[in-house]
Amino acid sequence: MIPAHLNIRVRLILSFVAVSLLILVVGAVALWQFHSIRTHSERLYQLDLQSLSILRVHLGILAFRDHLQTLLATRSADQMISEAGLMRDAVLADAQKARQGLLDNPSNKQRNALITDSLTAITDGLKAHTHAIIELAEVGDWEALQLRLDTQVKQIGQTTGALTESIDRDVAAERARMLEEIGHVVRNGVLTVVLTGLAIVGLATLLGYSLTRRIASPLGHLVVASRAIASGDFDHRVEIAGQDELADLGRVFNDTASKLRDLYNDLERRVAERTAQLEAAKAMAETANHTKSQFLANMSHEIRTPMNGIIGMAELALDTELTAEQREYVGMVKTSAEALLTVINDILDFSKIEAGRFELENIEFDLVRHLSDTVKAHSFRAHQKGLELVLDIAPNLPEAVTGDPTRLRQILINLLGNAVKFTDHGEIVVAVKSLSRQAQETELHFSVADTGPGIPLEKQQLIFEAFAQADASTTRKYGGTGLGLAISSKLVTSMGGRVWVESKPGQGSTFNFTARFGLPVTPPVKRLPAKDTSLRKLRVLVVDNNATNRRIVEEALTQNAMNPVLVDRGAAALEALEEAERAGEPFQLVLTDAQMAEMDGFALAAQIRKNPSLAGAKIIMLTASGQRGDSARCRELGVAAYLTKPFGRDDLLEALVKVMGDEGQPAAQRPLVTRHSLQEARPALRILLAEDNCVNRQLATRLLEKRGHTVVAVENGKGAVALLDDPAGDTFDVVLMDVQMPEMDGYQATAMIREKEKISGRHLPIIAMTAHAMKGDRERCLEAGMDGYVPKPINPRELFSTIDTLVDSAPSSPRHEPQRPDQAFDEAALSSRIGGDPELVSELIELFLSEYPSLLEQMRKAAQEQNAPALEAVSHKLKGMVGNFAAERAAAVACKLERKARAGELAGAGELITALESEIIHLRASLTAYAGDASRDGSPAEKAKHSRA
């Protein structure tokens, strides 16, 4: 054993020396055995050489005799003499070599001398016989020569053969002896190596055990202690005896652990102090951030509020009688205010995006109507530059989607604004199509194509960066902050899509982007125009010099089962009309563009009216932008409708139904159908407006009154609540509520209204109007119980669209007479809603009766499983279904259940479900009776009329 006081290095050296010595012993034994085997092998080799050399001599003598025997038959003395000498010399040379080999071998000299003497005698005899043979051949004594070969030469051969056999016997004996000795040597060597190897293994095992005990065991203790310290036990220590390096390592480890404990305790103390400081700093930062956000929100409100008044009042002033100079000044005020508002919006949006405080909304909206309104906003600017603005909507687009309509409009307005700004001639086409559609999501592709100057390839990525434009010089020519496309790119990315541009200099540009939208759980019930006439197989002549417009109108007409024929100029239209008249298949309707070369739409209408055979065709005039006096010219020419482009397919269909449905009225008495007349035909509303700013209050009142609505205005939320508490307050259809007002703001007023509605069971739509544009403002409004959100400055289209959407989707219709307690639904409201269509009534009732049991079952299951999201979704769907029938009580219960589920308050949900089931049973009986009466007595419209009488 190695003494314990030696250090690890000495232990390892001694172990290495011991093992090395054993290995050297094994090597020496192996070398000795190898040398012994080699010696015996050399001796055996020498014997084999001797045997071979003697054998060569023997074979040479036999060959000598045999060859001479052969020559003897020829009796050729010369040949005999010559070859006998040569063969003799060959045998003598072999004998000399054998003799020399024997003399060179120092071993067994006596035996070698005897063999050498024998060889000498044999060679001497061979020489003598060869001499005698030569003499006999010279004299020709062939018989004596034969006798000598048969006796003396043969005897020499026998002597050499005997000598060879004797040597072979000696070689065999020597080989046997040598092999026995080699085997003995090998056995001794193997035994020696095995014993030595076992000794090495034993020694190595002993040394390994000793080293392991001294090294591995302390290292194991160190590993355990390291793990304990890593887990936080800084009091753990190791104990290693001895005076070697491992003992020193143990002592150093214990000292380090003590220092780590002290450092850890000090660090804990510092962390606690720093945490307290950070918490204080965080609180201060949150307070500062809240203050900054509140300041920014207030500044946004303070900026947007006067901007709302400036832009709105400018619009109202432009609708009054003004001189040319006044109109120019007011127009410049409006344009400047809109430009300033655009800059403010861009900077605010960019700041929110860069700060990571930007979020998208997820609300349901009418996609097609939204696109149509957005594009129409640029129609006037496009017309001023002589551009054709076209909206191409694919027929497979969903009618309603869920997403952020405001941000979608922002992207489209930015791309459209750039297209109009940079395009001097040609057309701008806004196209929308569906890329994919699943159960709950759809991906749409939007494109804005122009015929402008185009963008070089190296600039196409630069334009999507902040504060960048394709050409810096365009900033002076066209203006702009350079933020629009950067913001649009980030908005598109937030919508799950991407944006890119396809452009070549001189060939225009096409800006593309994709976006993902959700699909509503319950598809909306589309408001169809009254079916006064059928448009199926209606022959329509479309006249437009723009190929894109012709294609879009053709798709819209074909989709509604009409038969359009397309021409590109007025002269071709007259030829087509006359040819159709001669064929007995006249066109019933002419859709013509107002602005065309050679013969415009008005000239074409005049030519049609001059021809009595063509005068029966109704004419709809399409124009990019209306001019003063166009309506009077349309009435003079008997034009039935006058629509501005771009228009949505729904607008076109509604105008077609209106025009083709006025058959019973004389042409001179038929009113001109316009986009405004279609809007004004919708029912007027009674609106409560709560707004503290007098300018904004007057602006909103004038806008709503121009739309045909009745407005009651108050200065704060307290006045709104007081009016609604009055019995006459039930007659309001919708409330426009400003958020920031004195005494009682919009949030407080809404909360009070919603609390009182829990008792009445009604739900009055409330739309927030706010100049705040910060993150969470919309969400806060919706969480407060408001149904919609309209930012300031007020965009009239957005305001009217929001009102129409909420009032149309409300579960009850306050514009009709109050529902009697014994009524399950409002028959008059239902009749007005479906436009007097008995087939549609039957379809709706049949669909409701088939689906409501499954919905009630899903509602019970969701309540039992405490699944609030599922209960909210089913309640929303059922609310929409009963709302289609103006079933106020059932809709109110469903709405209350939906709100409780949205808030996660499922207590009492069972009682509400039971009450809803009772209301639906009552509604089912009433609908069944209503459908039966309608089938017997006539249309639901007539029945509703009699019921009101």
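Residues numbered from 1 in each chain as written. Predicted model: local features only at pLDDT ≥ 70, side-chain atom pairs only at ≥ 80, totals over all residues. Heavy atoms only, no water.

> Provide a residue-level description of the overall build of the protein, including the pertinent values.
Regarding its fold elements, the protein presents 28 helices and 18 strands. Evaluated residue by residue, the protein yields a buried proportion of 44% over its 949 residues. As presented, the protein carries roughly 48400 Å² of accessible surface, and 56% of it is formed by carbon and sulfur atoms. (Helix = DSSP H or I, 4+ residues; strand = E, 2+ residues; numbered from the N terminus. Buried < 20%, exposed > 50% of the residue type's maximum accessible area, 1.4 Å probe, protein only. Areas by Shrake-Rupley, 256 points an atom, 1.4 Å probe, with all protein chains shown as cover.)

> Now, about helix H14 (residues 601–610): what can you tell me, with residues and values included?
Counting along an α-helix, one turn takes 3.6 residues, and residues three or four places apart therefore face a common direction. Gly 601, Phe 602, Leu 604, Ala 605 and Ile 608 are the residues of H14 that are buried. The buried residues of H14 all sit within an arc of 160° when viewed along its axis, so they share a single face. Put simply, Asp 600 is the residue that caps the front of H14, since its side-chain oxygen is 3.3 Å from the backbone nitrogen of Phe 602. (Arc of directions from axis to C-beta. Polar contact = N/O pair within 3.5 Å; in protein donor to acceptor, adjacent residues only side chain to side chain.)

> So what's going on with helix H26 (residues 888–902)? Which residues, and what values?
When the terminal C-alpha atoms of H26 are compared, their 21 Å separation across 15 residues agrees well with the 21 Å that a helix rising 1.5 Å per residue should span. Restricting attention to buried positions, one finds in H26 the residues Ala 890, Ala 891, Ala 892, Val 893, Ala 894, Cys 895, Leu 897, Glu 898, Lys 900 and Ala 901. Just downstream of H26, Gly 904 is the residue with a positive phi angle, here 75°. (Expected span 1.5 Å × (residues − 1).)

> If you had to explain the confidence of the model for the protein to someone new, which residues and values would you point to?
Averaged over all residues, the pLDDT of the protein equals 76, while 79% of them reach at least 70. Residue range residues 525–533 is modelled with pLDDT below 50. Its contacts to residues more than four positions away, or to other chains, number 13 contacts. (pLDDT = per-residue confidence, 0-100. Contact = heavy atoms within 4.5 Å.)

> Break down the sheet that holds strand S14 (residues 686–690) for me, with residues and values.
The sheet built from 5 strands is open, its strands ordered S15-S14-S16-S17-S18 with parallel pairing. Each end of this open sheet is capped by a strand with a single partner; those strands are strand S15 (710–714) and strand S18 (788–791). The sheet shows a mean angle of 20° between the axes of neighbouring strands, taken without regard to direction. The strands touched by helix H20 (residues 746–760) within the sheet are strand S16 (734–738) and strand S17 (766–770), with S16 carrying the most contacts at an inclination of about 150°. (Pairing = 2+ DSSP bridges. Axes fitted to C-alpha atoms, helices over the stretch in contact; angles between N-to-C directions.)

> Could you give me a rundown of unusual backbone geometry, with the residues and numbers involved?
Working note: non-glycine residues mostly have negative phi, and peptide bonds are mostly trans. The phi dihedral of Glu 743 falls on the positive side, at around 70°, and the residue is not glycine. Overall, the relative accessible area of 65% leaves Glu 743 in the exposed class. Positive phi, close to 55°, is recorded for Gln 866, a residue that is not glycine. Inspection of the secondary structure puts Gln 866 in the loop between helix H24 (838–864) and helix H25 (868–883). Using a relative accessible area of 53% as the deciding quantity, one classes Gln 866 as exposed.

> So, the pairing of strand S11 (residues 618–623): which residues are in play, and what are the values?
Within S11, 6 of the 6 residues are buried, which leaves it mostly tucked inside the rest of the structure. Relative to S11, strand S10 (residues 589–593) runs parallel, the two being bridged by 5 bridges. Counted as the bridge partner of Val 590 is Ile 619 from S11. Pairing geometry for S11 and strand S12 (residues 641–644), over 4 bridges, is parallel.

> Quick rundown of the side chain of His 445? Include the residues and the values.
Mapped onto the elements, His 445 comes out in strand S5 (residues 441–450). A residue is classified by how much of its surface remains accessible, and His 445, at 13% relative accessible area, is buried. Here the side chain of His 445 touches Asn 512 through a polar contact of 3.2 Å, side chain to side chain. For His 445, the contacting residues outside a window of four places in its chain are Ala 431, Val 432, Lys 433, Leu 435, Trp 500, Asn 512, Phe 513 and Thr 514.

> So, empty space enclosed by the protein: which residues are in play, and what are the values?
Taken as a whole, this structure holds 3 cavities of 30 Å³ or more when the rule is applied. Taken as a whole, the largest cavity holds about 180 Å³ of empty space. Along the wall of the largest cavity there are 18 residues; nearest its centre are Leu 391, Asn 549, Ile 552, Val 553 and Phe 647. Contributing elements (two or more residues each) for the lining of the largest cavity: strand S2 (388–393), helix H12 (547–559) and helix H16 (649–660). (1 Å grid on protein atoms, 1.4 Å probe; cavity = no way out; pocket = protein on both sides within 12 Å on 5 of 7 lines; lining within 4 Å. Points joined across faces, edges and corners; volume = space filled by probe spheres on them.)

> Hey, could you go over the nonpolar core for me, with residue numbers and the actual values?
Membership of the largest hydrophobic core comes to 40 residues, with the highest contact counts inside it found for Leu 408 and Phe 446. Listing elements by their share of this core, those giving two or more residues are helix H7 (367–376), S2, helix H9 (405–422), strand S4 (427–437), S5, helix H11 (484–494) and strand S7 (509–518). When residues of this core are assigned to their parent elements, the largest contribution, 7 residues, is made by H9. The contacts of Leu 408, once residues within four sequence positions are left out, are Phe 365, Leu 367, His 370, Phe 446, Met 495, Phe 513 and Phe 517. Judged by nonpolar contacts, the second largest core, of 34 residues, contains Phe 848, Ala 868, Ala 890 and Ala 901. (Core = buried A, V, L, I, M, F, W, Y, C linked by side-chain atoms within 4.5 Å.)

> Provide a residue-level description of the sheet that holds S11, including the pertinent values.
Strands sit in the order S9-S8-S10-S11-S12-S13 across an open sheet of 6 strands; the sheet is parallel. If you trace the sheet from one side to the other, it starts and ends with strand S9 (563–567) and strand S13 (673–674), each paired once. Strands strand S8 (539–543), S9 and S10 of the sheet are contacted by H12, whose axis makes an angle of about 170° with S9.

> Can you tell me about the environment of Ala 594, naming the residues and giving the values?
By secondary structure assignment, the location of Ala 594 is in the loop between S10 and H14. Taking C-alpha positions, Ala 594 is 5.2 Å from Thr 623, a pair spaced 29 residues apart along the chain. If we skip the residues at most four places from it in the chain, Ala 594 touches Asp 600, Gly 601, Phe 602, Met 621, Leu 622 and Thr 623.

> Now, about the packing of aromatic side chains: what can you tell me, with residues and values included?
For the structure shown, the criterion picks out 3 aromatic pairs. Taken together, a centroid distance of 6.3 Å and an interplanar angle of 75° make the contact between Phe 365 and Phe 517 edge-to-face. Highlighted residues: Phe 365 in strand S1 (residues 363–366) and Phe 517 in strand S7, separated in sequence by 152 residues. Looking at Phe 365, the relative accessible area reads 7%, which means it is buried. Judged by relative accessible area, which is 2%, Phe 517 ranks as buried. (Phe/Tyr/Trp six-rings, centres within 6.5 Å; stacked < 30°, edge-to-face > 60°.)

> Requested: an account of the pattern of salt bridges, with residues and values cited.
Counting across every chain of the model gives 16 salt bridges. In this structure, the salt-bridge partner of Glu 441 is Arg 516, at a minimum N-O distance of 3.3 Å. Taken together, the positions of Glu 441 in strand S5 and Arg 516 in strand S7 put the pair 75 residues apart, joining distant regions of the chain. Residue classification places Glu 441 among the partly exposed residues on the basis of a relative accessible area of 31%. (Salt bridge = Lys/Arg side-chain N within 4 Å of Asp/Glu carboxyl O.)

> Report on the packing of H12 against H16, specifying residues and quantitative values.
Interhelical geometry of H12 versus H16 gives an angle of 60° and a closest axis separation of 11 Å. With respect to H16, the element H12 is oriented oblique. The crossing of H12 and H16 is right-handed. Residues Ile 552, Glu 555, Ala 556, Leu 557 and Gln 559 of H12 form the contact with H16, whose participating residues are Arg 649, Leu 652 and Leu 656. (Parallel < 35°, antiparallel > 145°, perpendicular 65-115°, else oblique. Left-handed = near helix turned anticlockwise from the far one by under 90°.)

> Describe the side chain of Thr 514, naming the residues involved and giving the relevant values.
If you trace the backbone, Thr 514 turns up in strand S7. Since its relative accessible area comes to 6%, Thr 514 is described here as buried. Excluding residues within four positions of it along the chain, Thr 514 makes contact with Leu 435, Glu 443, Leu 444, His 445, Val 492, Gly 497, Arg 498 and Trp 500.

> Which residues make up a nonpolar patch on the surface, and what values go with them?
Together, Tyr 45, Leu 49, Leu 52, Leu 55, Leu 59 and Leu 62 line one region of the surface with nonpolar side chains, adding up to about 530 Å² of accessible area. Locating Leu 55 in the fold gives a position in helix H1 (residues 8–72). Judged by its relative accessible area of 32%, Leu 55 is partly exposed. (Patch = residues over 30% accessible without salt bridge, like charges linked within 9 Å, V, L, I, M, F, W, Y side chains within 5 Å.)

> Which residues make up the packing of H9 against H11, and what values go with them?
Remark: H9 packs on H11, axes separated minimally by 10 Å, with the N-to-C direction vectors making an angle of 145°. With respect to the hand of their crossing, H9 and H11 are arranged in left-handed fashion. Counted together, Arg 407, Gln 410, Ile 411, Asn 414, Leu 415 and Asn 418 of H9 and Gly 484, Leu 485, Ile 487, Ser 488, Leu 491 and Val 492 of H11 form the full contact between these two elements. Residues of the contact of H9 with H11, tallied by class, amount to 6 nonpolar, 5 polar and 1 charged. (Nonpolar A, V, L, I, M, F, W, Y, C, P; charged D, E, K, R; others polar.)

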